[in-house]
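# Descriptive analysis of the structure
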Amino acid sequence: MGLKFVLLVFTLLIAFGSRAEAASAKSVNFASNTPTLSGTLPLVVAQEFGFFAAEGLEVKTVLIRGGPTAMAALVGGGVDYTLVAGVAAVRAIAQNAPMFIISGIQPYMDYTLLGAKGINSVNDLKGKVVGVTGPGGVAEFAAVEGLAKKGLVRDRDYKILYGVGNSPSRAQALESGKIQASPFSFLERIELEKKGFPTLFDIGSVMPGFPFVVIVSSKQKIETDPEGIVSVLRAIKRALDFLRNNQEKVAAAVIKKNTFGDPASVRQVINQFANVYSISITKEDIESLIAATRIEAEAKKLGGAEKFFTRQFLVKASGQNK
């Protein structure tokens, strides 16, 4: 009886201790404007393998479609951090949005330009139409900048058509001949290639080192919870280190969740991006975003690239292990 009583007390202590630990975990809302695995994999790994928990964080990922909407939620206090396109972030900050880029996450443009059937090279696009979702969006930026790197100039060599719609709509527009090319993300590209749409070029390969997706937080968060920001970035860094060295283990955990497609697609995404993600970001990266967004004049008025980002938390997160 004495042994049973001791075991019972020990079990209860563990249970109460676990509940107390869970109750003391700091709640964090992280906005993402895409439900895709490539767009959320760093957060998934940090959650599934306990890196957030090790920092005393209970992180919830909130899907908010559209970069501007996600950043509005950030400024309004609805979320603590958001993953957002780098060009959208610098554009918002140039318009006095009270936020800062605190780190990178995806220094690679996850877009491929696909053509309609019969369009087999970039030169075949001369005099043709490239379809995008809307003005000022990431798809338009990817198409125009990518084609410029290939020597084609907008309005001289080809036309941009707005309002073509989301990815399925753009694929249908390719099929019908309404447009002759459009940019698609990695997973979309895989599916469309199966249907016979030709890949013209990988946009990321002609724009290397470009901070495609960054992590942004509000000025209020930066002022009131600096240690919390360090903890979040440290957890993500540890998750990315783990991902690079344990791709199959990560794949197994993601497949078990059964929320990101079939096992083959999950493995393709993980193999494609495991060695790409990085929280690193530099002044030169921010300057490239400013130049690409063509807001040099606004940036100069604000005081330059340093007014768009801060590396203080990144430096601390990268220099500490827990």
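Owing to the predicted nature of the structure, the values given are computational and were not obtained by experimental measurement. (Residues numbered from 1 in each chain as written. Predicted model: local features only at pLDDT ≥ 70, side-chain atom pairs only at ≥ 80, totals over all residues. Heavy atoms only, no water.)

## Points about the side chain of Asp 110
Let me state the cut-off plainly: Numbering goes from the N terminus for both helices and strands, where a helix is a DSSP run of H or I of at least four residues and a strand is a run of E of at least two. Under the scheme applied here, a residue whose accessible area is under 20% of the maximum for its type counts as buried, over 50% as exposed, and between as partly exposed, the area being computed with a 1.4 Å probe on protein chains only. Note that His is not counted, nor are the chain ends; the positive residues are Lys and Arg, and the negative ones are Asp and Glu. Take a side-chain nitrogen of Lys or Arg and a carboxyl oxygen of Asp or Glu: if they are within 4 Å of each other, that pair is a salt bridge. Whether two residues are in contact is decided by their heavy atoms, any of which lying within 4.5 Å being enough.
Note on placement: Asp 110 falls in the loop between β4 (99-106) and β5 (112-115). Of the side chains bearing the opposite charge, Arg 189 lies closest to the buried Asp 110, which forms no salt bridge; the N-O distance is 7.4 Å. The residues contacting Asp 110, other than those within four sequence positions of it, are Ser 38, Phe 184, Ser 185, Phe 186, Phe 212 and Phe 273.

## Some remarks on helix α14 (residues 283-293)
Heads up, the rule is: For this quantity, the arc is that covered by the directions from the helix axis to the C-beta atoms.
Residues of α14 that are buried: Asp 285, Ile 286, Leu 289, Ile 290, Ala 292 and Thr 293. The arc that holds the buried residues of α14, viewed along the axis, is 165°, so those residues lie on one side. On its buried side, α14 packs onto α5 (86-94), β4, α6 (138-149) and α15 (296-302). Positive phi appears at Arg 294, one or two residues downstream of α14, with a value of about 60°.

## Thoughts on the nonpolar core
As a reminder of what qualifies: Residues belong to a common nonpolar core when they are buried Ala, Val, Leu, Ile, Met, Phe, Trp, Tyr or Cys residues joined through side-chain atoms within 4.5 Å.
Among the nonpolar cores identified, the biggest contains 112 residues, and Ile 101 and Ile 236 are the most heavily contacted of them. Setting aside anything within four residues of it in sequence, one finds Ile 101 in contact with Ala 89, Val 90, Ile 93, Val 214, Ile 215, Val 216, Ile 281, Ile 286, Phe 308, Phe 309 and Thr 310.

Without other data, these values stay purely geometric and don't point to any function.
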